[in-house]
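Commentary on secondary and tertiary structure
Chain by chain, the residues run as shown.
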Amino acid sequence: MPAPEPAGATPDSTGFVEAVLVVVADIPSGQVATYGDVAALLGSRGARAVGQVMARSGHEVPWWRVVRAGGRPPAGKADRARRHYEAEGTPLRPSKDDDGYRIDLAACRWSA
């Protein structure tokens, strides 16, 4: 894994973008990490910056494996992501919100 960017790194910093994409590419099938988990692995508190990287460049990696806090799928992509979760055997549980499900973080949260 590349060295983390300095504290002032932004989602536009090439090194930060590359580091996020490397971490996400390493998340195993059937497991997930939150945006905050990815940021913490990089020595950052920038969960929103990770989200911005995923929005701009996430198509290059298994984007569905990075979820919102509480196990919510990526915003606006719940239907597309669900197909991936089901194919990979990612544990899901029903919810009454608009997404209709949550990822069971206790069962499949990845830690490097």
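Procedures and definitions
Residues numbered from 1 in each chain as written. Predicted model: local features only at pLDDT ≥ 70, side-chain atom pairs only at ≥ 80, totals over all residues. Heavy atoms only, no water. Phe/Tyr/Trp six-rings, centres within 6.5 Å; stacked < 30°, edge-to-face > 60°. Buried < 20%, exposed > 50% of the residue type's maximum accessible area, 1.4 Å probe, protein only. Helix = DSSP H or I, 4+ residues; strand = E, 2+ residues; numbered from the N terminus.

Section: the packing of aromatic side chains
Inspection of every chain in the model, using the stated rule, returns two aromatic pairs. Between Trp-63 and Trp-64 the ring centres are 5.6 Å apart and the planes differ by 85°, which places this aromatic pair in the edge-to-face class. For Trp-63, a relative accessible area of 12% translates into the label buried. Here the aromatic rings of Tyr-85 and Tyr-101 are separated by 6.1 Å at their centres, their planes lie at 70°, and the arrangement is edge-to-face. Pair noted here: Tyr-85 is in helix 4 (residues 78-88) and Tyr-101 is in strand 4 (residues 101-103), with a separation of 16 residues, a long-range link. Overall, Tyr-85 belongs to the buried group, its relative accessible area being 0%.

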